[in-house]
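An overview of the molecular structure
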Amino acid sequence: MATEPAAAEATVPSLVDRYFTRWYKADVKGKPCEDHCILQHSNRICVITLAESHPVLQSGKTIKSISYQISTNCSRLHNKVSGKFKRGAQFLTELAPLCKIYCSDGEEYTVSSCVRGRLMEVNENILHKPSILQEKPSTEGYIAVVLPKFEESKSITEGLLTQKQYEEVLVKRTNAPTATS
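Small disclaimer: the values here were computed from a predicted structure and weren't measured.

Side note on the pattern of salt bridges
By the definition in use, this model includes six salt bridges. Note that aspartate 105 is salt-bridged to lysine 61, the shortest N-O span being 2.6 Å. Residue aspartate 105 is found in the loop between β6 (97–103) and β7 (108–112), and its partner lysine 61 is found in the loop between α3 (55–58) and β4 (63–67); the two are separated by 44 residues along the sequence. Using a relative accessible area of 17% as the deciding quantity, one classes lysine 61 as buried. Salt-bridge contacts for glutamate 140 lead to lysine 136; the nearest nitrogen and oxygen are separated by 3.1 Å. Overall, the relative accessible area of 37% leaves lysine 136 in the partly exposed class. Here the salt bridges do not stand alone but share partners, grouping Asp17, Arg22 and Glu52 into one network.

Here it is, written out as structure tokens:
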């Protein structure tokens, strides 16, 4: 009987797995392996994170800094949302950049929204402690929270991959180099 609770604990799904549906966007803007994960809640809120196969999470890179300053006139940190109708929120398209990740090896990655909607918040904690992005990408290391329009909430997943489809893409990637050599 002492082993039963331990077995039950191992099968308990995480908070993210219980309340969010994972959607993936592979090769964002045509850049190989730069995959993003969208965690969609039943209330249509979307949390934008990096997918497990993103180069920042895979290759043991060190993040030097993260910037929400998209251009000289646009900073995602200046997003001020208020009221029931979320006044003041910046509107994002699927390809709208959310932030830039600078690595110590000189590489730079731009994280895109992947869904149309209003920017509810950005994760300022990753500015002060960028390692959270690598340690806990689906929870404390999220990039931003986006609220799609109600009318578009069903169609936002068009063009995104399910968990199973994404796993098939990863398998094809790992098999592709061996097939050509």
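Moving on from the model shown.
Describing the pairing of β7
Extensive coverage of β7 is indicated by the burial of four of its five residues. Where β6 meets β7, five bridges bridge the pair, whose relative direction is antiparallel. Bridging across to β7, proline 97 finds its partner in serine 112.

Considerations on the side chain of asparagine 123
With respect to the helices, strands and loops of the structure, asparagine 123 is situated in the loop between β8 (117–122) and α4 (125–128). Residue asparagine 123 is classed as buried on the basis of its relative accessible area of 1%. Among the polar contacts listed, one links the side chain of asparagine 123 to the backbone oxygen of glutamate 140, at a separation of 2.7 Å. In this structure, asparagine 123 is in contact with Tyr68, Glu140, Gly141, Tyr142 and Ile143, ignoring residues within four places of it in sequence.

Regarding the sheet that holds β8
Strand order in the open sheet formed by six strands is β1-β2-β3-β9-β8-β5, with antiparallel pairing between adjacent strands. Every interior strand has two partners, whereas the edge strands, β1 (20–25) and β5 (91–92), have only one. The pairing of β1 with strand β2 (residues 36–41) spans six bridges and is antiparallel. Each bridged residue has a counterpart across the sheet, and for tyrosine 24 the counterpart in β2 is cysteine 37.

Things to note about the sheet that holds β4
If you walk across this open sheet you meet the three strands as β4-β6-β7, and the pairing is antiparallel. Of all strands in the sheet, those with a lone pairing partner are β4 and β7, marking the two edges. Averaged over all pairs of adjacent strands, the angle between their axes in this sheet comes to 20°, without regard to strand direction. With four bridges connecting them, β4 and β6 associate as antiparallel partners. Across the sheet, residue serine 67 finds its bridge partner in β6, namely lysine 100.

Section: unusual backbone geometry
Positive phi outside glycine occurs at cysteine 33, with the angle close to 70°. In this fold, cysteine 33 is placed in the loop between β1 and β2. Of the residues examined, cysteine 33 reaches a relative accessible area of 30% and is grouped as partly exposed. Positioned with a positive phi, cysteine 114 is a non-glycine residue whose angle comes to about 70°.

Cut-offs applied
- Residues numbered from 1 in each chain as written.
- Predicted model: local features only at pLDDT ≥ 70, side-chain atom pairs only at ≥ 80, totals over all residues.
- Heavy atoms only, no water.
- Salt bridge = Lys/Arg side-chain N within 4 Å of Asp/Glu carboxyl O.
- Helix = DSSP H or I, 4+ residues; strand = E, 2+ residues; numbered from the N terminus.
- Buried < 20%, exposed > 50% of the residue type's maximum accessible area, 1.4 Å probe, protein only.
- Pairing = 2+ DSSP bridges.
- Polar contact = N/O pair within 3.5 Å; in protein donor to acceptor, adjacent residues only side chain to side chain.
- Contact = heavy atoms within 4.5 Å.
- Axes fitted to C-alpha atoms, helices over the stretch in contact; angles between N-to-C directions.

Structural measurements only, silent on function.
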